[in-house]
Amino acid sequence: MGFQLPDIRRASNQTASKALDVPKGYVAVYVGENLKKRFMIPISYLNQPMFQDLLSQAEEEFGYDHPMGGLTIPCSEDVFRDITCRLNGF
């Protein structure tokens, strides 16, 4: 159990066909320093300046070779949640 932020969906731990379980209008990202957690965020976040900063950090650290096979955000889960909460207007 736990809490779930609105408009941010924690991806399931099922390994079967992860690419297909992303709803239309969302993108899957991996976040965390050691153990990466998968989140689904609205694609509208990609145009926001705060999220653009995270994307720039990801580009600097990983280039286009993301170790998880998807977009990896190099920040702590707490920082990610803080930014996404601000983008939600909370």
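Before any of the text, the structure's been laid out above.
Conventions used here
- Residues numbered from 1 in each chain as written.
- Predicted model: local features only at pLDDT ≥ 70, side-chain atom pairs only at ≥ 80, totals over all residues.
- Heavy atoms only, no water.
- Phe/Tyr/Trp six-rings, centres within 6.5 Å; stacked < 30°, edge-to-face > 60°.
- Helix = DSSP H or I, 4+ residues; strand = E, 2+ residues; numbered from the N terminus.
- Buried < 20%, exposed > 50% of the residue type's maximum accessible area, 1.4 Å probe, protein only.
- Axes fitted to C-alpha atoms, helices over the stretch in contact; angles between N-to-C directions.
- Parallel < 35°, antiparallel > 145°, perpendicular 65-115°, else oblique.
- Contact = heavy atoms within 4.5 Å.
- Nonpolar A, V, L, I, M, F, W, Y, C, P; charged D, E, K, R; others polar.
- Polar contact = N/O pair within 3.5 Å; in protein donor to acceptor, adjacent residues only side chain to side chain.
- Core = buried A, V, L, I, M, F, W, Y, C linked by side-chain atoms within 4.5 Å.
- Salt bridge = Lys/Arg side-chain N within 4 Å of Asp/Glu carboxyl O.

### What to know about the packing of aromatic side chains
Applying the stated rule across the entire model yields three aromatic pairs. The interplanar angle of 45° and the centroid separation of 5.3 Å between the aromatic rings of Phe39 and Phe80 together place this pair among those described as tilted. Of the two residues, Phe39 sits in strand E3 (residues 37-42) while Phe80 sits in helix H2 (residues 77-88), which places them 41 residues apart along the sequence. In this pair, the class of Phe39 matches that of Phe80, namely buried. An aromatic cluster of three or more residues is present, and its members are Phe39, Tyr45, Phe51 and Phe80.

### A look at the packing of helix H1 (residues 49-62) against H2
Running from amino to carboxyl end, H1 crosses H2 at an angle of 150°, the nearest separation of the two axes being 9 Å. With respect to H2, the axis of H1 lies roughly antiparallel. The residues of H2 that touch H1, namely those facing Met50, Phe51 and Leu54, are Phe80, Ile83, Arg86 and Leu87. In the contact of H1 with H2, the residues fall into six nonpolar, no polar and one charged.

### Considerations on the side chain of Arg81
Within the secondary structure, Arg81 is located in helix H2. Within the structure, the side chain of Arg81 is placed 2.9 Å from the side chain of Glu77, a separation counted as a polar contact.

### Looking at the nonpolar core
Residues Val29, Val31, Phe39, Ile41, Tyr45, Phe51, Leu54, Ile73, Cys75, Phe80 and Ile83 constitute the largest nonpolar core, which totals 11 residues. Breaking this core down by element, the ones donating at least two residues are strand E2 (26-31), E3, H1 and H2.

### Comments concerning the pattern of salt bridges
Tallied over the full model, the rule gives four salt bridges. Linking Arg81 and Glu77 is a salt bridge whose minimum nitrogen-to-oxygen distance equals 2.9 Å. Of the two residues, Arg81 and Glu77 are both situated in helix H2; the distance of four residues between them amounts to about one turn of the helix. With respect to class, Arg81 is no different from Glu77; both count as buried. The salt bridge involving Arg86 is made with Asp82; its shortest N-O contact spans 3.1 Å. With Arg86 and Asp82 both in helix H2 and four residues apart, the pair spans about one turn of that helix. Among the charged side chains, a salt-bridge network with shared partners connects Lys37, Glu77 and Arg81.

In short, the description is geometric, and any link to function would need to be established separately.
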